[in-house]
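# Commentary on secondary and tertiary structure
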Amino acid sequence: MNGLMELRERLKNFYEDYDFVIRPVFRFVLALISLIALNNQIGYLEVLNQVFVVLILAVICAILPINGLVLICSVVIVAHSMALSVETGAFAIILYLLMVLLYFRFVPKDALAIILIPVAFVFHVDAAVPVALGLIRGPVSTVSMIFGLISWSYVQSLPADIAPLVNSDESSLLDVIQAMPRALFTTKMLLLLIVSVIVLLIVAMIRKLASSHSWEMSIAVGSILYVGLKIVGSLLLGVDIDILAEIFGTALSVGICLIIEFFNFCADYTRTEYLEFEDDHNYYNVRVTPKRTTEYMESLDRDATEDMSQIPSDDSRFMESEQQNEVSRKFEGINLQSKLEESLKTLNTNQSGKENGTGDTTTRIYRRSGSVSHRWDDLETGDDDEDRNTSGDTRVISPGRKNLK
Amino acid sequence: MVDKRRLYLMIAMARFKDKKTDSSVRISNYHQRDYIAMKLIVNFLVTTVAYILLLAFYAMYNLEDILSNLNEMNFRPILAVIIVFYLVFLGVYTVIAFTRARIQYVRADADVEQYENALDRMNRMYREEDRLSETDDEDDYDYFDDDDED
C-alpha cells in the first residue's frame, strides 16, 4: 500500500511539473479513443474513417480546450448521420442543439458527458458512468448523465434501427422521420435511464455519509444495485440483456471506480478522530480523517513548507502578507519618534545659534552609501567616533548638521 | 533590488488577469441591471428556439397520428396548450437565467474589487519605493552649501 501511495504522489508531482505536456496528450488520447469508438459504431462517412483524418482531428482536439473535443465529436456524429441520410443528419443537429440549448449552456463543463458516456458504453463499462458521476460530481450530474445516455441511445440506434429503414426500399420518408425519435426512447433505454438515475443518486447519498469507507461502500452498493436492477428490470419488462456481459462489465467498472477513488480520495481510517466542542451558538461533532501519508509525502511536505512559504496560493493571493517589508526591516529596533524629537531640538538649537551669529555653518553633507541600510551610518556630522554606535544600531542623525552634541 | 512581496502580488495579479479577464472584467464593465437584462434577452431567444425544436421533436415522434388526424383537429385548444406550455417553459428558464446572471455578476464584481484593491496596494508599494529612493538620491549628492568659504 505504501508503494502505491508513493506511486500516486510521484504521479501527482510528475503531473504538476509537466502538466503543459500531459494535458494535451491526455486530450489527444481521449479524442483518439472517442473517434475510433464512434467510427466503429457509426462509420457511414468513409472520409472520417481514414486513419490520418482521425489523427488530425485528435491533434486538433489536443490543442483546443476540452469542450473542443465535445464539439468535434458531435460534428463527427452529425457528419456520419448526414452520410446515412439528410433526415438523420437534420435529426442529429436538432438533438445536439437541444441538449446544448436546454442544459449545457448553463453548465458547459458537463458537456463532456455527451461524448464520454457513449464511449463507456462502447467499451462495455457502462456501470462506471452512474457510479463515477455519483462519486465525483454528485446528484447535480443527473441531467448531464441523462443527456449522455440519450446521446448513446442515438449512436446505438443508428446502425441498429435507423440504417435498415433508410436502406430499405419498402419504408417511406415518414417512417424514417417517425422512427428516429422513437428509437431514442425504447423500453431498454428507459430501463437504463431509470436504473442509472437511481444508482447515481444512491451512490451520491452514500458517499456523503459521515461513516468510514463511504467511498468503497458507495462503489460496492452502486455496482451491485446497477447490475441487480438491470437484470430484474429486464425480466419484468421483457428486455433482452446479456447477463454475463453485464456482470463482467460491472466488475471492470468497479476497478475503474476504485482507481478514480485512489486518485481523488485517499483517507487513512485507522487514524480517525472524533471531536466534540462548542461555542456560543453551536455544538460541533466533527470527524477528522487524515489523508494517507508516506515518508516520501512527509518529506515533500517539509520541502514544500520551506520553499512555498513565500509564494501566495490562489486563496491568499490578495491577502496581506505578515512578512515585514524592507522598509520596516531597515528601521527595526530604531525609535523613530525619539530620533525625530532629537533632530528637531538640534534644528532649533542651530537655528537660534545662527540667528545669534555664533557662526555655526549650516553644512549639509550627504554621502553616497553602498546600501540604503547603511545610509544613516555614512552621514558624517562632526565627531564620528563619539556618535557612532559600536553595538551596530543605526543612529539616526539629522542630515547635514555639524557639531551635533 | 526587487521587492519580493510586490513581485508575488504582481504574479497573483497576472494570474488573475490571465484567467479572468474574459469573464470577470468583461462582466464588471456592465451595470448589474444591464448585464442581467442582456442575459434575459439572450435567454428569451434561445429558449424560444429550444421550444420550437422541442415541438418539432414531438411532432416527429407523433407524425403518423398528427397526419392521420389533421383534418379533424381543433387547432384553438392545441394552440392554447402550446402557448401555455411555452409560457411555463419560458418562465422556468427565465428564473434560472436570472439567478445565474445575478450570481455571475456578484462574483465577477467581487473578483474585480479584489483586483483593484491589489492594484492600490501595489501602487502604494511603488510610491513608498519612490519616496525611499528619493531620500537615497539626496544622499547620493555631495552638496556643499558652505557659506564661509571664499
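Note: the structure precedes this text.
Description of the structure in this document. (Residues numbered from 1 in each chain as written. Chains lettered and ligands numbered in written order. Predicted model: local features only at pLDDT ≥ 70, side-chain atom pairs only at ≥ 80, totals over all residues. Heavy atoms only, no water.)

This part covers the overall build of chain A. Each helix and strand counted, chain A has 18 helices and two strands in total. Across the 405 residues in chain A, those meeting the buried criterion constitute 40%. Here the analysis covers contacts within chain A between residues at least 6 apart in sequence; of these, 66% occur between residues at least 24 apart. (Helix = DSSP H or I, 4+ residues; strand = E, 2+ residues; numbered from the N terminus. Buried < 20%, exposed > 50% of the residue type's maximum accessible area, 1.4 Å probe, protein only. Contact = heavy atoms within 4.5 Å.)

Residue and element names in this part refer to chain A. Its location among the elements puts Val 199 in helix 11 (residues 187-207). Here Val 199 falls in the buried class, since its relative accessible area comes to 0%. Along the primary structure Val 199 and Ser 223 are separated by 24 residues, whereas in three dimensions their C-alpha atoms are 8.0 Å apart. Sequence-distant contacts of Val 199, defined by excluding residues within four places in its chain, comprise Pro 130, Val 131, Gly 222, Leu 225 and Tyr 226.

Right, let's talk about the environment of Tyr 103 of chain A for a bit. Residue and element names in this part refer to chain A. With respect to the helices and strands, Tyr 103 occurs in helix 6 (residues 86-104). C-alpha of Tyr 103 to C-alpha of Phe 147: the two residues are 44 residues apart in sequence and 8.9 Å apart in space. Beyond its immediate sequence surroundings of up to four residues, Tyr 103 is in contact with Asp 110, Val 140, Val 143, Ser 144 and Phe 147. A distance of 3.5 Å separates a polar atom in the side chain of Tyr 103 from the backbone oxygen of Val 140. (Polar contact = N/O pair within 3.5 Å; in protein donor to acceptor, adjacent residues only side chain to side chain.)

Next up on the list: a nonpolar patch on the surface. Residues and elements named next belong to chain A. On the surface, Phe 14, Tyr 18, Phe 20, Val 21, Val 25, Val 29, Ile 33 and Phe 123 cluster together into a nonpolar patch covering about 750 Å² of accessible area. Per element, the largest residue contribution to the nonpolar patch is five residues, and it comes from helix 2 (residues 19-42). By the element assignment, Ile 33 lies in helix 2. Classification of Ile 33 by relative accessible area gives partly exposed; the value is 35%. (Patch = residues over 30% accessible without salt bridge, like charges linked within 9 Å, V, L, I, M, F, W, Y side chains within 5 Å. Areas by Shrake-Rupley, 256 points an atom, 1.4 Å probe, with all protein chains shown as cover. Salt bridge = Lys/Arg side-chain N within 4 Å of Asp/Glu carboxyl O.)

The next point concerns the pattern of salt bridges. Residues and elements named next belong to chain A. Within this structure, the stated rule accounts for three salt bridges over all chains. The shortest N-O distance in the salt bridge between Asp 110 and Arg 137 comes to 2.5 Å. Linking Asp 110 in the loop between helix 6 and helix 7 (113-122) with Arg 137 in the loop between helix 8 (128-136) and helix 9 (142-167), this pair joins segments that are 27 residues apart in sequence. On the basis of relative accessibility, which here comes to 8%, the residue Asp 110 falls in the buried class. We note a salt bridge from Lys 230 to Asp 126, for which the minimum N-O separation is 3.3 Å. In this pair, Lys 230 sits in helix 12 (residues 214-237) while Asp 126 sits in the loop between helix 7 and helix 8, placing the two residues 104 residues apart along the sequence. Judged by relative accessible area, which is 8%, Lys 230 ranks as buried. Within the structure, one salt-bridge network assembled from shared partners comprises Asp 126, Lys 230 and Glu 246.

Attention shifts here to the pairing of strand 2 (residues 283-288) of chain A. Residues and elements named next belong to chain A. Pairing of strand 1 (residues 273-278) with strand 2 involves six bridges; the strand directions are antiparallel. Note on strand 2: the bridge partner recorded for Glu 278 is Tyr 283. Between strand 1 and strand 2, which pair antiparallel in sequence order, lie four residues. (Pairing = 2+ DSSP bridges.)

This part is about the packing of helix 6 of chain A against helix 9 of chain A. Residues and elements named next belong to chain A. At a minimum axis distance of 12 Å, the contact between helix 6 and helix 9 shows a crossing angle of 175°. Taken together, helix 6 and helix 9 sit at an angle that is classed as roughly antiparallel. Here helix 6 contributes Thr 88, Phe 91, Ala 92, Leu 95, Tyr 96, Met 99, Leu 102, Tyr 103 and Phe 104 to the contact with helix 9, which in turn contributes Val 143, Ser 144, Phe 147, Ile 150, Ser 151, Tyr 154, Val 155, Leu 158, Ile 162 and Val 166. The class makeup of the residues in the contact of helix 6 with helix 9 is 16 nonpolar, three polar and no charged. (Axes fitted to C-alpha atoms, helices over the stretch in contact; angles between N-to-C directions. Parallel < 35°, antiparallel > 145°, perpendicular 65-115°, else oblique. Nonpolar A, V, L, I, M, F, W, Y, C, P; charged D, E, K, R; others polar.)

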